[in-house]
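Analysis of the macromolecular model
Residues per chain, in single letters:
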Amino acid sequence: MRLKWLFLTLVALLVALTALLLFLSAHEGSVYFYIAEIAVVISILFLYFFYRSIVRPIISLSNGVELLRSQDLNQRLTSVGQAEADAIAATFNMLLAKLHDERLRNIEQEHFLKLIIDNSPTAIVLLDGNGRVSMCNRSALLSLGDCTGGGIADINHPIGRLMSETQCGMNVTRRVTDGKVYRVIHESFMDNGYAHHFYLIDELTREVAKAERTAYEKVIRMMAHEVNNTLAGIKATMSVIADIATDDSSLADLTEPVGACLGRIEALSAFVNRFAAVIKLPDPVMTEINLSQIAESAVSFCRQSALGRNITVEISSSANVSIIADRQLIEQVLVNILKNAVESVGADGMIRVSVNETCLTVTDNGPGIAPENVDRLFSPFFSTKPNGHGIGLMMIAEILKKHRFTFSLMTGNDGLTRFTINFKYGGSQ
């Protein structure tokens, strides 16, 4: 600023000398006229060199500072014909070029990273500094819906509970209430000195189901083979003994124990065959079926099994709801769900079946699902019943997956337990 005012002062002095020269032009031959003329020429030359050597380089450098301030990295400083100033201008230009390249590289990398995040099969949820969801990629939107602006507790999806229980730095894999298996990774990164948390969510249902099925099919086949072969030999032997005891009155005392053994053999064989039936489920034959009629039939059967226990079984159904499914398999699913509900509510309970065009819900007022059992409901051979074998829910889940129907089993905040089947087709299983 001082140089600027000094330059303006010199310009004002030059103007004054020029005015004086014009005044003395009437006395062109006087000494004062020549002195004024020489002073004007010297002032002009001094101003020229002053502007070229000092003012112009400073203006150029000021322009460079302004370019940096406005972040205009596409412009460059021009040469001013002064060595030191040109060296500084060249350094400025090199700095501007480097910043331009860095900015372009960052933009390209951010665009590439955004493409990866948006198209990643892994659901990614980013939180802001206040713990609210600030970004969801496409997979997260498809899985969880648009949950931006709310907290983790506001996510209306079974995975929300698992996310809220996963501490930062943890990697948790768990089955949730819809029978699907998720892996949740909770991490954080620093941005402007603040920690921002994010979640990576992978659905491992297909991989886990494939591994579980391979394992339990092998176990069931081996068990069924060994047990049935052994039982066949024992049954044949016991049948011969029974025939001998029948013909020989002296062996009549053997008739009752041999009959008990044969009955136990039949029961054990039926027990093994029930396990074998899980891995022999046929592929569904998809036809249009009347779900309303099937539900009414299943409810009637349920009422018969609930006789004497004072269990109220109700059904509300839209007229003639039709879906594309295998009739026999869907009947088996409904009968199993209602059977579990009857066993769950005990005496003086309530079961309500609701059917519409998009879903079927079976609600009961039983004791509910214990929190420690929520994540194990659809695991192979898991049962909460003292004498249960964990086949019912496993068979239900297998049939519904074959139909590509989504489902959930959970106890709500109102204390009611709901098994919900959504008839919109999900992804491939």
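So, here's what we can say about the structure. Since the structure is predicted, the reported quantities are computational estimates derived from the model, not experimental observations.

Here is what the cut-offs are and how they apply
- Residues numbered from 1 in each chain as written.
- Predicted model: local features only at pLDDT ≥ 70, side-chain atom pairs only at ≥ 80, totals over all residues.
- Heavy atoms only, no water.
- Helix = DSSP H or I, 4+ residues; strand = E, 2+ residues; numbered from the N terminus.
- Buried < 20%, exposed > 50% of the residue type's maximum accessible area, 1.4 Å probe, protein only.
- Areas by Shrake-Rupley, 256 points an atom, 1.4 Å probe, with all protein chains shown as cover.
- Core = buried A, V, L, I, M, F, W, Y, C linked by side-chain atoms within 4.5 Å.
- Contact = heavy atoms within 4.5 Å.
- Phe/Tyr/Trp six-rings, centres within 6.5 Å; stacked < 30°, edge-to-face > 60°.
- Pairing = 2+ DSSP bridges.
- Axes fitted to C-alpha atoms, helices over the stretch in contact; angles between N-to-C directions.
- Left-handed = near helix turned anticlockwise from the far one by under 90°.
- Nonpolar A, V, L, I, M, F, W, Y, C, P; charged D, E, K, R; others polar.
- Salt bridge = Lys/Arg side-chain N within 4 Å of Asp/Glu carboxyl O.
- Arc of directions from axis to C-beta.

Focus on the overall build of the protein chain
Scanning the protein chain for helices and strands turns up 10 helices and 12 strands. Burial status across the protein chain gives 36% buried among its 429 residues. Of the roughly 25,400 Å² that the protein chain leaves accessible, carbon and sulfur atoms contribute 58%.

Quick notes on unusual backbone geometry
You will see that Arg-404, though not glycine, has its phi angle at about 60°, which is positive. With respect to the helices, strands and loops of the structure, Arg-404 is situated in the loop between helix 10 (392-403) and strand 11 (405-411). Its relative accessible area of 41% is what places Arg-404 among the partly exposed residues.

Some words on the nonpolar core
The biggest cluster of nonpolar side chains holds 45 residues, and the ones touching the most others in it are Leu-291, Ile-351 and Phe-419. Residue contributions to this core peak at 9 residues, all from helix 9 (residues 327-345). Non-local contacts of Phe-419, meaning those with residues more than four positions away in its chain, are made with Ile-337, Leu-360, Thr-361, Val-362, Phe-378, Leu-393, Ile-396, Leu-400, Phe-407, Ser-408 and Leu-409. By size, the runner-up hydrophobic cluster in this structure holds 19 residues, among which are Val-176, Tyr-182, Val-184 and Ile-201.

Some points on the packing of aromatic side chains
Under the counting rule described, the total for this entry stands at 3 aromatic pairs. The interplanar angle of 50° and the centroid separation of 6.1 Å between the aromatic rings of Phe-189 and Phe-198 together place this pair among those described as tilted. Residue Phe-189 is classed as partly exposed on the basis of its relative accessible area, which comes to 34%. With centroids separated by 5.4 Å and ring planes inclined at 85°, the aromatic side chains of Phe-405 and Phe-423 adopt a geometry described as edge-to-face. Here Phe-423 lies in strand 12 (residues 417-425) and Phe-405 lies in strand 11, a separation of 18 residues in the sequence.

Focus on the sheet that holds strand 3 (residues 171-175)
Pairing is antiparallel in the open sheet, where 5 strands are placed in the order 2-1-5-4-3. Two strands close off the open sheet at either side, each with one partner strand: strand 2 (133-136) and strand 3. On average, adjacent strands in this sheet sit at an angle of 25° to one another, irrespective of strand direction. Examined bridge by bridge, strand 3 and strand 4 (residues 181-191) share 5 bridges and lie antiparallel to one another. Across the sheet, Arg-175 pairs through a bridge with Val-181, a residue of strand 4.

Concerning the packing of helix 9 against helix 10
Relative orientation of the contacting elements helix 9 and helix 10 amounts to 145°, with a least axis distance of 10 Å. In terms of crossing hand, the pair formed by helix 9 and helix 10 is left-handed. Between helix 9, through Leu-329, Ile-330, Gln-332, Val-333, Asn-336, Ile-337 and Asn-340, and helix 10, the contact on the second element is made entirely by Gly-392, Leu-393, Met-395, Ile-396, Ile-399, Leu-400 and His-403. Broken down by class, the residue content of the contact of helix 9 with helix 10 amounts to 9 nonpolar, 5 polar and no charged.

Brief notes about the pattern of salt bridges
Between side chains of opposite charge, a pair can form when the charged atoms approach closely. Enumeration over the complete set of coordinates arrives at 9 salt bridges. Residues Glu-331 and Arg-327 are paired through a salt bridge, measuring 3.3 Å at the closest nitrogen-oxygen approach. One end of the pair, Glu-331, and the other, Arg-327, are both in helix 9, 4 residues apart, so they sit about a helical turn from each other. It is possible to trace a salt-bridge network through shared partners that takes in Arg-161, Glu-165 and Arg-174.

Brief notes about helix 5 (residues 158-165)
Among the residues of helix 5, Ile-159, Gly-160, Leu-162 and Met-163 are the ones counted as buried. All buried residues of helix 5 fall inside an arc of 165° around its axis, so they share one side. Contacts made by the buried residues of helix 5 are with strand 1 (123-127), helix 4 (138-144), strand 3, strand 4 and strand 5 (194-203).

Observations regarding the packing of helix 8 (residues 291-305) against helix 9
At a minimum axis distance of 9 Å, the contact between helix 8 and helix 9 shows a crossing angle of 35°. Seen along the crossing, helix 8 lies across helix 9 with a hand that is right-handed. The segment helix 8 lies against helix 9, with Leu-291, Ile-294, Ala-295, Ala-298, Val-299, Phe-301, Cys-302 and Ser-305 engaging Arg-327, Ile-330, Glu-331, Leu-334, Val-335, Leu-338 and Val-342. Residues belonging to the contact of helix 8 with helix 9 are distributed by class as follows: 12 nonpolar, 1 polar and 2 charged.

A few points about the side chain of Thr-361
One can find Thr-361 in strand 10 (residues 359-364). Owing to a relative accessible area of 13%, Thr-361 belongs among the buried residues under this scheme. In this structure, Thr-361 is in contact with Arg-352, Val-353, Ser-354, Arg-418, Phe-419 and Thr-420, ignoring residues within four places of it in sequence.

Taken by themselves, the reported measurements are silent on function.
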